[in-house]
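Survey of secondary and tertiary structure
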Amino acid sequence: MSMEMLLILLSLFEILLLALVVVFFLRLRKSEEVLSRLRDKQDDLLNKLRFNSQMERELVTSFEQRQVELAALDQALEARAKDLTKLLKQAQEMARSPQFLREMVLTGHRRGKSPIELARASGMSVDEVEFIIEQDGD
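What you see is a predicted model; the values in this text were computed from it and never measured.

Another point: the packing of helix α2 (residues 98-110) against helix α3 (residues 115-122). When two helices pack together, their arrangement is given by the angle between the helix axes and by the axis-to-axis distance. In the contact formed by α2 and α3, the axes pass within 10 Å of each other and the chain directions differ by 145°. Read as a crossing pair, α2 and α3 show a hand that is right-handed. In this structure, α2 uses L101, M104, V105, G108 and H109 to contact α3, whose residues at the interface are L118, A121 and S122. When grouped by side-chain class, the residues that make up the contact of α2 with α3 number 5 nonpolar, 3 polar and no charged.

This is how it looks when you write it as structure tokens:
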């Protein structure tokens with residue numbers, strides 16, 4: 001009996017070992033599936049990171065281009081402002097010139113404006129306006 005018992009125990013032990021091997025392989029297969037999914041997710045993450053990196057580079061490049069364009073526009077605007085200031089000074093000098101004021105008074109007088117209106121518009125006194133009108137009449 002002891003031999004039979006020993007044989008039964010060994011058989012049970014072998015069945016138990018076989019069951020443990022099956023469980024081990026099932027867990028191993030499950031772990032491989034988990035690792036495979038993790039690898040796929042890692043690949044997806046790396047692809048997303050590459051895409052984000054590329055987008056960031058494009059944004060930085062675009063921003064740098066915009067900065068260069070803005071700097072050029074700023075320089076052009078400053079040059080235009082200088083030109084306009086220069087033209088404005090010339091126009092003011094012309095408006096103050098005696099010949100221009102004389103023409104303005106005479107043109108206004110021909111259009112029927114009074115000496116008071118012409119004096120206000122030109123910044124001259126009424127006597128100066130009347131003097132210019134009288135000189136033209138002579």
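With 13 residues, α2 extends 18 Å from end C-alpha to end C-alpha; this agrees with the ideal 18 Å at 1.5 Å per step. Residues L101, V105, L106 and G108 constitute the buried set of α2. In a view along the axis of α2, the buried residues occupy a sector of 165°, so they form one face of it. Downstream of α2 by one or two residues, G112 has phi in the positive range, about 95°.

Once that is clear, we can look at α3. Within α3, the full set of buried residues consists of L118, A119 and S122. Projected down its long axis, α3 shows its buried positions confined to an angular sector of 100°, all on one face. Turned more than 90 degrees off the buried face of α3, the exposed positions are R120 and A121. Count one or two residues on from α3 and you reach G123, which has phi positive near 80°.

Looking now at the pattern of salt bridges. The full count for this structure, using the stated rule, is 1 salt bridge. In this structure, E69 and R66 form a salt bridge, with 3.5 Å as the shortest nitrogen-oxygen distance. Of this pair, E69 and R66 both sit in helix α1 (residues 2-96), separated by 3 residues, roughly a single helical turn. A relative accessible area of 42% places E69 in the partly exposed class.

Cut-offs applied
Residues numbered from 1 in each chain as written. Predicted model: local features only at pLDDT ≥ 70, side-chain atom pairs only at ≥ 80, totals over all residues. Heavy atoms only, no water. Axes fitted to C-alpha atoms, helices over the stretch in contact; angles between N-to-C directions. Helix = DSSP H or I, 4+ residues; strand = E, 2+ residues; numbered from the N terminus. Left-handed = near helix turned anticlockwise from the far one by under 90°. Contact = heavy atoms within 4.5 Å. Nonpolar A, V, L, I, M, F, W, Y, C, P; charged D, E, K, R; others polar. Expected span 1.5 Å × (residues − 1). Buried < 20%, exposed > 50% of the residue type's maximum accessible area, 1.4 Å probe, protein only. Arc of directions from axis to C-beta. Salt bridge = Lys/Arg side-chain N within 4 Å of Asp/Glu carboxyl O.

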